[in-house]
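Structural overview
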Amino acid sequence: MTEEQISALSVDEEEDVVDPWNVTGKSEAGIDYDKLIKRFGSQKIDDELIARFEKVTGKKAHHFLRRGIFFSHRDLHNILNVHEAGKKFYLYTGRGPSSDSMHIGHMIPFMFTKWLQEVFDVPLIIQLTDDEKILWRDIKVEDARKMAYNNAKDIIAVGFDTANTFIFNDLDFIGQCPEFYQNMLRIQKCVTFNQVKGIFGFGDSDVIGKITFPSIEAAPAFSTSFPFIFDNKVLPCLVPCAIDQDPYFRMTRDVAARLKMPKPSLLHASFLPALQGAQNKMSASDPNASIFLNDTPKQIKNKINKYAFSGGQATVEEHRLKGGNTDVDISYKYLTFFLEDDDKLAEIKKQYESGELLTGELKKIAIDTITPIIQDYQARRAKVTDELMKEFFKLRKLNI
Ligand code: TRP
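As the structure is a prediction and not an experimental result, all values here were calculated from the model.

1. Quick word on the overall build of the chain
- Counting secondary structure elements, the chain contains 20 helices and eleven strands.
- Taking 400 residues into account, the globule formula puts the C-alpha radius of gyration at 21 Å, and the chain, at 21 Å, falls close to it.
- Expressed along its principal axes, the backbone C-alpha trace of the chain runs to roughly 65 × 50 × 50 Å.
- Burial analysis of the chain (400 residues in total) assigns 54% to the buried set.
- Look at the contacts in the chain between residues 6 or more apart in sequence, and 78% of them connect residues 24 or more apart.
- By element, 51% of the accessible surface of the chain is carried by carbon and sulfur atoms, the whole surface being about 17,800 Å².
- Here the chain contributes 52 positive and 57 negative side-chain charges, whose respective centroids are spaced 4 Å apart.

2. Regarding the pattern of salt bridges
- For the coordinates displayed, the defined rule picks out 22 salt bridges.
- Between Arg-52 and Glu-84 there is a salt bridge, and its shortest N-O distance comes to 3.0 Å. Of this pair, Arg-52 sits in helix H3 (residues 47-57) while Glu-84 sits in helix H5 (residues 76-84), placing them 32 residues apart in sequence.
- With a shortest N-O distance of 3.9 Å, Asp-342 and Lys-60 are connected by a salt bridge. Here Asp-342, found in helix H18 (residues 342-354), pairs with Lys-60, found in the loop between H3 and helix H4 (63-66); they are 282 residues apart in sequence, far enough to count as distant.
- The exposure class assigned to Asp-342 is partly exposed, which follows from its relative accessible area of 30%.
- Within this structure, Lys-60, Arg-66, Arg-67 and Asp-342 form a network of salt bridges that share partners.

3. Structural notes on helix H19 (residues 359-382)
- Spanning 24 residues, H19 covers 34 Å between terminal C-alpha atoms, matching the ideal 34 Å at 1.5 Å per step.
- Within the sequence span of H19, burial applies to Thr-359, Leu-362, Lys-363, Ala-366, Ile-367, Thr-369, Ile-370, Thr-371, Ile-374 and Tyr-377.
- In this fold, the buried residues of H19 make contact with helix H6 (104-120), helix H8 (141-156), helix H15 (297-307), helix H16 (316-322), helix H17 (330-338) and H18.

4. Digging into the packing of helix H10 (residues 178-188) against helix H12 (residues 208-218)
- For the pair H10 and H12, the least separation of the axes is 9 Å and the interaxial angle reads 125°. Taken together, the axis directions place H10 and H12 in an arrangement best described as oblique. As for the relative orientation of H10 and H12, their crossing is right-handed in sense. For the pair H10 and H12, contact is made by Phe-180, Met-184, Ile-187 and Gln-188 and by Thr-212, Ser-215, Ile-216 and Ala-218, respectively.

5. Comments concerning the site of the ligand
- By nearness alone, 14 residues border the ligand, and Tyr-92, Gln-127, Glu-132, Glu-217 and Gln-245 come closest of all.
- A distance of 3.0 Å is found between a nitrogen atom of the ligand and a side-chain nitrogen or oxygen belonging to Glu-132.
- Side-chain polar atom of Gln-245 to a nitrogen atom of the ligand: 3.0 Å apart, as the coordinates give it.
- The set of elements that each furnish at least two residues to the shell around the ligand consists of strand S5 (90-95), helix H7 (130-136) and strand S8 (237-242).

6. Observations regarding the sheet that holds strand S4 (residues 70-74)
- Taking strand neighbours across the sheet as the criterion, the seven strands line up as S3-S4-S9-S8-S5-S6-S7 in an open arrangement whose pairing is mixed. Strand pairing shows two members of the sheet lacking a second neighbour, strand S3 (43-44) and strand S7 (165-169), which therefore form its edges.
- Alignment of strand S6 (residues 124-128) against S7, held across five bridges, turns out to be parallel. Within S7, the residue paired with Ile-126 across the bridge is Ile-167.
- Where H8 meets the sheet, it contacts S5, S6 and S7, and its direction lies at approximately 160° from that of S7.

7. Points about unusual backbone geometry
- Unusually for a residue other than glycine, Asn-232 sits at a positive phi of about 65°.
- As for its position among the elements, Asn-232 is in the loop between helix H13 (227-230) and S8.
- Phi angles above zero are rare outside glycine, and Lys-260 is one such case at about 55°.
- With respect to the helices, strands and loops of the structure, Lys-260 is situated in the loop between helix H14 (246-259) and strand S9 (265-269).
- Under the relative-accessibility criterion, Lys-260 is labelled exposed at 75%.

8. A few points about the environment of Leu-272
- Along the polypeptide, Leu-272 turns up in the loop between S9 and strand S10 (273-274).
- For Leu-272, a relative accessible area of 3% puts it in the buried group.
- Taking the C-alpha atoms as reference points, Leu-272 and Val-122, separated by 150 residues in sequence, lie 27 Å from one another.
- Contacts of Leu-272, omitting those with residues within four sequence positions, involve Ile-104, Gly-105, Ile-108, Lys-281, Met-282, Tyr-334, Phe-337 and Phe-338.

9. As for the packing of aromatic side chains
- Under the counting rule described, the total for this entry stands at 34 aromatic pairs.
- For the pair Tyr-33 and Phe-71, a centre-to-centre distance of 4.6 Å together with 50° between the ring planes defines the contact as tilted. Here Tyr-33 is found in helix H2 (residues 33-40), whereas its partner Phe-71 is found in strand S4, with 38 residues between them in sequence. The pair formed by Tyr-33 and Phe-71 is uniform in burial state, with each residue classed as buried.
- Seen from their ring centres, Phe-166 and Phe-226 are 6.2 Å apart, and the 75° between their planes marks the pair as edge-to-face. Placement of the pair is Phe-166 in strand S7 and Phe-226 in the loop between H12 and H13, with a sequence separation of 60 residues. For the residue pair Phe-166 and Phe-226, the accessibility class agrees, reading buried in each case.
- Through pairs of rings, three or more aromatic residues link up here, namely Phe-53, Phe-64, Phe-70, Phe-89, Phe-112, Trp-115, Phe-120, Phe-337 and Phe-338.
- One cation-aromatic arrangement involves Arg-250 over Phe-40; the distance from NZ or CZ to the ring centre is 4.6 Å.

Analysis parameters
- Residues numbered from 1 in each chain as written.
- Predicted model: local features only at pLDDT ≥ 70, side-chain atom pairs only at ≥ 80, totals over all residues.
- Heavy atoms only, no water.
- Helix = DSSP H or I, 4+ residues; strand = E, 2+ residues; numbered from the N terminus.
- Rg over C-alpha atoms; globule rule 2.2 N^0.38 Å.
- Buried < 20%, exposed > 50% of the residue type's maximum accessible area, 1.4 Å probe, protein only.
- Contact = heavy atoms within 4.5 Å.
- Areas by Shrake-Rupley, 256 points an atom, 1.4 Å probe, with all protein chains shown as cover.
- Lys, Arg positive; Asp, Glu negative; His and termini not counted.
- Charge placed at Lys NZ, Arg CZ, Asp CG, Glu CD.
- Salt bridge = Lys/Arg side-chain N within 4 Å of Asp/Glu carboxyl O.
- Expected span 1.5 Å × (residues − 1).
- Axes fitted to C-alpha atoms, helices over the stretch in contact; angles between N-to-C directions.
- Parallel < 35°, antiparallel > 145°, perpendicular 65-115°, else oblique.
- Left-handed = near helix turned anticlockwise from the far one by under 90°.
- Near = heavy atom within 4 Å.
- Polar contact = N/O pair within 3.5 Å; in protein donor to acceptor, adjacent residues only side chain to side chain.
- Pairing = 2+ DSSP bridges.
- Phe/Tyr/Trp six-rings, centres within 6.5 Å; stacked < 30°, edge-to-face > 60°.
- Lys NZ or Arg CZ within 6 Å of the ring centre and 35° of its normal.

Structural data, given as structure tokens:
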């Protein structure tokens, strides 16, 4: 095992839990992301890296980068070097489809990926792991595929470039692409049962499909898995993902070195907190904890007013005196994700912390910010036809 893998194992009781299946923080303010960087052995996205990003791309950094929502990386400098040299790389991200409607937390990595695709003008590959859901949940093969198609439409509505984005679901795609399966096998041959136990915590009673699944999430990080897109050229890969997916890519990076392929670079997102508080991430299984992409304006308003955990004081008098706490206030946290204007956000923070702005007023600002974003999204979603979806799923060349 590498040091990275060993450090992933040493989780003591008092620590936040972050793995592909569980995410919970110990503190009201949420997960301690700096500690997570140390534990995972990744790098912090600091001001210097952001400055280099802006210099190399000639674009102002996205507010997700400026505000530490994407907070950690592995080897982003490599990707910036490649871009600086006028060479291409590609983006790879994915989603495990679920029957539930997607919520705004699911959208964070996709919104950011869309922006990256625009900034770098590079191909994007999106994997829908319907197979993963069969293995981990009580879902039938037939149903998993349908969920993948529905989720694909939800993802397409984020606004990806049709000409430069390939979307696939594992159940339909892997049988069509021998090179993908061949890479899976190369990966499987590099990782022992002991190692996956160490990385993912699999045990003796886990079904055997789970044990090989990591090779399926790893394979798209190698361009040779998609000869119809890349003509068998070896291109570096950048994976934007939520930090809970990092174990898959720690493994992929170890394997890459042994296969003499480029190690994928990574950009890690933090989680959009649940309405009830930052200890938990937004989760589709709890409708009252989440704002869904198909919620009506009325539902959004009611949920925020009723459930969004407040960092305000118990009475107006006390609030005026002591002010609110933006470290734990969910409406404020949502504004850091969805209100792009830095000056406005700073002003709101100042007013709330001084007690000038009340919780109800802050909630109204959050509602008025999030509602139009969801409405715009819904208008785009209504336009995603089966024909458009098929375009994204076609095996074809992208712009390399
Ligand atoms: N396992 C991820 C999930 O459950 C889906 C996924 C597949 C993914 N490939 C990925 C996520 C690459 C991020 C990057 O959501």
